[in-house]
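Structure assessment
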2 protein chains.
Amino acid sequence: MLTYNLSNIGSDSLYEHLYKCIKKDIVLRKIKPGERLPSKRTFAKNLGISVITVENAYSLLMSEGFIYSLPKKGFYVADLNDVQPTKQVHQETVVLTSGHTHYLADFSSNQTESEIFPFTTWIKTMKEVLKDNQKELMINSPCGGILELRKNIATFLKEFRDMDVKPEQIIIGAGTEYLYSLIIQLLGNDIKYGLENPGYPKTAQIYKSMNVHFEYVNMDSYGIDPQELERKDIDVIHISPSHQFPTGIVMPISRRYELLGWANKVKNHYIIEDDYDSELRLGGKPLPTLQSIDVSDKVIYMNTFTKTLSSTIRMSYMVLPESLANEYYKRLSFYSCTVSNFEQYTLSKFIENGHFERHINRLRNYYQKKQEIILNAFQSSVLKNKVEIYNESAGVHFLMKIKSKKEEKEIINNAYSKGIKLNPLSKYYSNSIENNNIYVMNYSSLNSNKIEEIVEKLKQCI
Amino acid sequence: MLTYNLSNIGSDSLYEHLYKCIKKDIVLRKIKPGERLPSKRTFAKNLGISVITVENAYSLLMSEGFIYSLPKKGFYVADLNDVQPTKQVHQETVVLTSGHTHYLADFSSNQTESEIFPFTTWIKTMKEVLKDNQKELMINSPCGGILELRKNIATFLKEFRDMDVKPEQIIIGAGTEYLYSLIIQLLGNDIKYGLENPGYPKTAQIYKSMNVHFEYVNMDSYGIDPQELERKDIDVIHISPSHQFPTGIVMPISRRYELLGWANKVKNHYIIEDDYDSELRLGGKPLPTLQSIDVSDKVIYMNTFTKTLSSTIRMSYMVLPESLANEYYKRLSFYSCTVSNFEQYTLSKFIENGHFERHINRLRNYYQKKQEIILNAFQSSVLKNKVEIYNESAGVHFLMKIKSKKEEKEIINNAYSKGIKLNPLSKYYSNSIENNNIYVMNYSSLNSNKIEEIVEKLKQCI
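Scoring rules and cut-offs
- Residues numbered from 1 in each chain as written.
- Chains lettered and ligands numbered in written order.
- Predicted model: local features only at pLDDT ≥ 70, side-chain atom pairs only at ≥ 80, totals over all residues.
- Heavy atoms only, no water.
- Helix = DSSP H or I, 4+ residues; strand = E, 2+ residues; numbered from the N terminus.
- Rg over C-alpha atoms; globule rule 2.2 N^0.38 Å.
- Buried < 20%, exposed > 50% of the residue type's maximum accessible area, 1.4 Å probe, protein only.
- Contact = heavy atoms within 4.5 Å.
- Areas by Shrake-Rupley, 256 points an atom, 1.4 Å probe, with all protein chains shown as cover.
- Lys, Arg positive; Asp, Glu negative; His and termini not counted.
- Charge placed at Lys NZ, Arg CZ, Asp CG, Glu CD.
- Pairing = 2+ DSSP bridges.
- Domains from an automatic or database assignment.
- Buried area = accessible area lost by both parts, 1.4 Å probe.
- Salt bridge = Lys/Arg side-chain N within 4 Å of Asp/Glu carboxyl O.
- Polar contact = N/O pair within 3.5 Å; in protein donor to acceptor, adjacent residues only side chain to side chain.
- Nonpolar A, V, L, I, M, F, W, Y, C, P; charged D, E, K, R; others polar.
- Least-squares fit on C-alpha atoms with pLDDT ≥ 70 in both.
- Patch = residues over 30% accessible without salt bridge, like charges linked within 9 Å, V, L, I, M, F, W, Y side chains within 5 Å.
- Axes fitted to C-alpha atoms, helices over the stretch in contact; angles between N-to-C directions.
- Parallel < 35°, antiparallel > 145°, perpendicular 65-115°, else oblique.
- Left-handed = near helix turned anticlockwise from the far one by under 90°.
- Disulfide = S-S within 2.5 Å.
- Arc of directions from axis to C-beta.
- Phe/Tyr/Trp six-rings, centres within 6.5 Å; stacked < 30°, edge-to-face > 60°.
- Lys NZ or Arg CZ within 6 Å of the ring centre and 35° of its normal.

Before going further, it helps to examine the overall build of chain A. Each helix and strand in chain A was counted, giving 16 helices and 15 strands. By the compact-globule yardstick of 23 Å for 462 residues, chain A fits well, its C-alpha radius of gyration being 25 Å. Counting only C-alpha atoms, chain A reaches 75 × 65 × 40 Å along its principal axes. Burial status across chain A gives 61% buried among its 462 residues. Intrachain contacts of chain A at a sequence separation of at least 6 include 71% that bridge at least 24 residues. Total accessible area on chain A stands at roughly 19,100 Å², and carbon and sulfur atoms take up 49% of it. For chain A, the separation between the mean place of its 57 positive charges and that of its 53 negative charges on side chains is 6 Å.

Rendered as structure tokens:
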């Protein structure tokens, strides 16, 4: 069995190091052409690393022709004489290793922890679907999604957010990003969209990639100011009033009404309300959504199950005002629903049987405790006087200002060398702002058992 | 228990009729406010109709406020004094009932039959995934899809289509329609796309909806002619050379090379090769794909599992040339993969364990026999001298010319009144052509036990 020392890998990621080790041995003919490599599982176990790491290394070797695979048999070393110099396809280094970072702490990651996914209930529900809905599983979903699921979401929205929504207004899609593309097709790509500054960077990437005209709009401490929207001639504004990302601002009710006022003035004006993590709000009753106080069909409400269930389950939904729902059915119903029936029925039953509500209650408790542990660790350490914490009442991140004479960049580099990935607020601004040493601390993937170690190392960096 | 006579429903669909019956009884107070309606399942069983039909009727009643539902309890009659006149959201009549048509024969439907889905093996594979991949299920998929699945598709393409493809060139998405939107973002929306005329109408709808410049290109008997592309200044042409839809034309190898020649002349030129049902080709070895004979990165190959597995499983893929794959990773890798991990791992194992190959072999046999039964029934009837059959060697549809003095429209209406939905070729043309009495006969959802009856009725129509 091959074995390698993986303790001293320099700046390489684990799989790159493994790839280099194996490649070297192949080139040096220590492993002969035709020889079978250990199975991914066995190799991973022997080296004490994850199967994905081995998989990534093998995949890289395969794409360069050093090894090849035989289905059901395994991986074999290629004859080097057959290895052609190939055009190098860009390796998805970042993406392939996502979730397998070897950071001590990654405050930029929003990967959900696998431990908190309700695996047992989910599988139980899947089995129920296979038993109860076998016939329905084979019948094409309506374009907006399975009616049963949309009804259950409507009921949930009524109970949880006091929203009165007809199932027909709900459109299911494979992720919020996909739903944006539907919104653009619905509202048009010849109008001007507005994005919060700072804001979630992917939204801007989508608008840019789809060649849609958009502008950033600065916020005051209440969120987006309607006067700014007037000034910039925005038609459709994209906001997250329950918990703005990344600032954490919760938009007060007065500002919400002002925004609805702005939307009502012009026929083209719409508000896209992204309520992405309202279920995870810690403490206090959430403010009513704009959708629920809108009486004139001006708000498109969006939410997702990727935050509450798992980022690997691709189901989101939007609630269209009735007039836009009609437009949608008229113009876009030729699109097939992008989520498979099986997942739709599973989620539907999962909500209907009360599992989803119980799950988010558990989740809130879990994150509440986790946040307490983290904040306590900060407060009871020497960091206490060196940091200020903001906006910790909602969701799974808070803001932290580091009081230090060091520049942001230096602190980030120091932290990086100690295995901590810091996530500066400045990177979420469209314009370059003064480095203010404020960091967005996403703790959803943090191992709270290591918090003492993290605090200790962080202290050394600032 | 409520009961209704559903034998004489006029032009209503079944659920509309049921909805009217119940509504009438509610309005006449035969069913009292607060009274519980039978459960969907029981009601369906008693009336001898499908659960979906009851569901659709209930849903319509609910959307109009005649009944309401209590989670886990059932459906109750509302107090009519509470029923508000509501703005009517367009009912997705067509879509909600799709697959539940009460046609004797629907030659326009491409809904796959639920009987041919390999349910047992698929469920078995799902269970294996839950057992073997629990950890991986929670780790974010790379943007292009789970590497394991892409490797298995690459192996399949090698064995089945003799295509040499690196897993990194394969991009998984929730349906071909979604992948088109990625292609548009990749190649740009400021160039001119070309579509086959006649062709698959959804492609045009997508381009139109995304505001992309496109033009129809007429075909000769070999498919698209490169000279036409030159003349119309097309940059990217969309073709299905293995089995053009709806004409069934199989593009000869010489024309394939000519098209590659056209693509090679100009940097911007690309060919989108939609190989949507090559697995179902009946008889004969398929011609090589354009992708497999392209040596200059000019072909984007597309295929889907919705035709071979089930239209309710949303998984398709495209194979990008390496240079475009690089572009994709550089510019579009911020998009999350639109297919959930669970489905990706299930399909991956399904292919890896040889189930997919066995399934498509079975499927081919199944359709071959079905086609024989249908064509025999035509040939041995009085229809023999009244119809001509073309292009029956590939896929799940053939073309049928009806030799009749009657106009197309009249024949279609006659057939409709007898429960047969005919699908004229003329509707697939962008320009209005002479009614030629040629019909696209999709037999994938046809009940072959009823073929005698269908032939008999068809005879009366022409």
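Additional details are given in the paragraphs that follow.
Attention shifts here to the sheet that holds strand β8 (residues 236-239) of chain B. Residues and elements named next belong to chain B. Pairing is mixed across the open sheet formed by 8 strands, whose spatial order is β4-β11-β10-β9-β8-β5-β6-β7. Lying at the two open borders of the sheet, with one neighbouring strand each, are β4 (170-173) and β7 (223-224). As judged from the 4 bridges shared by strand β10 (residues 299-304) and strand β11 (residues 316-319), these two strands associate in the antiparallel manner. The partner of Asn303 across the bridge, within β11, is Tyr317.

With that out of the way, let us pick up the domain arrangement of chain A. According to the domain assignment, chain A contains domain 1 (14-96), domain 2 (137-352) and domain 3 (359-459). The gap between the C-alpha centroids of domain 1 of chain A and domain 2 of chain A is 44 Å.

Moving on to the interface of chain A and chain B. Each partner contributes to the interface: chain A provides 84 residues, whereas chain B provides 84 residues. Approximately 7,700 Å² of surface area, both sides summed, lies buried where chain A meets chain B, with 57% of it carried by carbon and sulfur atoms. Joining chain A to chain B, the criterion identifies 0 salt bridges. The interface formed by chain A and chain B contains 22 residue pairs in polar contact (both at pLDDT 80 or more). Top element by residues in the side of chain A that touches chain B is helix α3 (residues 51-63) of chain A. It accounts for 7 residues. In terms of residue class, the side of chain A that touches chain B is made up of 31 nonpolar, 31 polar and 22 charged.

For the rest of this paragraph, the subject is the relation of the copies chain A and chain B. Overlaying chain A on chain B yields an RMSD of 0.2 Å, the required transformation being a rotation through 180° with an accompanying axial translation of 0.1 Å. What we have between these two chains is a two-fold relation. Taken together, the interface assignments show that 100% of the residues at the interface of chain A recur at the interface of chain B, consistent with an identical surface on both copies.

Before going further, it helps to examine a positive patch on the surface. On the surface, a cluster of positive charge is made up of Lys72 of chain A together with Lys124, Arg358 and Arg362 of chain B. Within the secondary structure, Arg362 of chain B is located in helix α14 (residues 355-379).

This brings us to the environment of Asp132 of chain A. Here Asp132 of chain A shows up in helix α5 (residues 119-132). Classification of Asp132 of chain A by relative accessible area gives partly exposed; the value is 28%. C-alpha separation for the pair Asp132 of chain A and Tyr345 of chain A, spaced 213 residues apart in sequence, amounts to 10.0 Å. Beyond its immediate sequence surroundings of up to four residues, Asp132 of chain A is in contact with Lys349 of chain A together with Arg41 of chain B. Side-chain polar atoms of Asp132 of chain A contact the side chain of Lys349 of chain A, separated by 3.0 Å.

The subject of this paragraph is the sheet that holds strand β15 (residues 438-442) of chain B. All names here are of chain B. Strand order in the open sheet made by the 3 strands is β12-β13-β15, with antiparallel pairing throughout. The sheet terminates laterally at β12 (387-390) and β15, the two strands that pair on one side only. With direction set aside, neighbouring strand axes in the sheet form an average angle of 30°. Bridge count between β12 and strand β13 (residues 397-402): 4 bridges; the pairing is antiparallel. Each bridged residue has a counterpart across the sheet, and for Tyr390 the counterpart in β13 is Leu399.

A few words now on the packing of helix α14 (residues 355-379) of chain A against helix α16 (residues 451-461) of chain A. All names here are of chain A. With their axes 10 Å apart at the nearest point, α14 and α16 run at an angle of 40° to one another. Considering their axes alone, α14 and α16 lie oblique with respect to each other. For the crossing formed where α14 meets α16, the hand is right-handed. Across the interface between the two elements, Ile373, Ile374, Ala377 and Phe378 from α14 touch Ile451, Val455 and Leu458 from α16.

Before going further, it helps to spend a moment on the state of the cysteines. Residues and elements named next belong to chain B. Tallying each qualifying case throughout the model produces 0 disulfides over all chains. Cysteine Cys337 remains unbridged, with the sulfur of Cys143 as its closest cysteine sulfur at 8.1 Å. The class of Cys337 is buried, set by a relative accessible area of 4%.

Moving on, we come to helix α12 (residues 322-331) of chain B. Residues and elements named next belong to chain B. Turning to α12, its buried residues are Glu322, Leu324, Ala325, Tyr328 and Tyr329. Buried residues of α12, viewed axially, fall in a sector of 160°; they line one side. Those residues of α12 that are buried are in contact with α6 (147-161), β4, α7 (176-187), β9 (270-274) and β10.

Residue and element names in this part refer to chain A. Tracing the backbone shows His269 in the loop between α10 (253-265) and β9 (270-274). Classification of His269 as buried rests on a relative accessible area of 7%. The residues touching His269, leaving out its near neighbours within four places in the chain, are Ile234, Asp235, Trp262, Ala263 and Lys298.

Here a ring pair, both rings aromatic, is described through the centre-centre distance and the interplanar angle of the planes. Residue and element names in this part refer to chain A. Taken as a whole, this structure holds 48 aromatic pairs over all chains when the rule is applied. Arranged with centres 5.6 Å apart and planes meeting at 40°, the rings of Phe305 and Tyr317 form a pair that is tilted. A residue pair is termed long-range when its members are at least 10 positions apart, and Phe305 in the loop between β10 (299-304) and β11 (316-319) and Tyr317 in strand β11 qualify at 12 residues. By relative accessible area, Phe305 is classed as buried at 4%. Each residue in the set Phe156, Phe160, Tyr301, Phe305, Tyr317 and Phe356 is aromatic and connected to the rest through ring pairs, giving one cluster. Between Lys298 and the ring centre of Tyr270, over which it is positioned, the NZ or CZ distance is 4.7 Å.

This structure, assessed with the given rule, holds 38 salt bridges over all chains. A salt bridge links Asp132 of chain B to Lys131 of chain B; the shortest N-O distance between them is 3.8 Å. Arg255 of chain B serves as the salt-bridge partner of Glu258 of chain B, at 3.4 Å between the closest nitrogen and oxygen. A residue pair is termed a helical-turn pair when its members lie 3 or 4 positions apart in one helix, as Glu258 of chain B and Arg255 of chain B do in helix α10 (residues 253-265) at 3 residues. Residue Glu258 of chain B is classed as partly exposed on the basis of its relative accessible area of 42%. Judged by its relative accessible area of 6%, Arg255 of chain B is buried. Within the structure, one salt-bridge network assembled from shared partners comprises Lys131, Asp132 and Lys349 of chain A.

All names here are of chain A. Cis rather than trans, the peptide bond between Phe245 and Pro246 has omega equal to 5°. If you check the backbone angles, Asp297 has positive phi at about 55° while not being a glycine. As for its placement among the helices and strands, Asp297 is situated in the loop between α11 (290-293) and β10. Using a relative accessible area of 19% as the deciding quantity, one classes Asp297 as buried.

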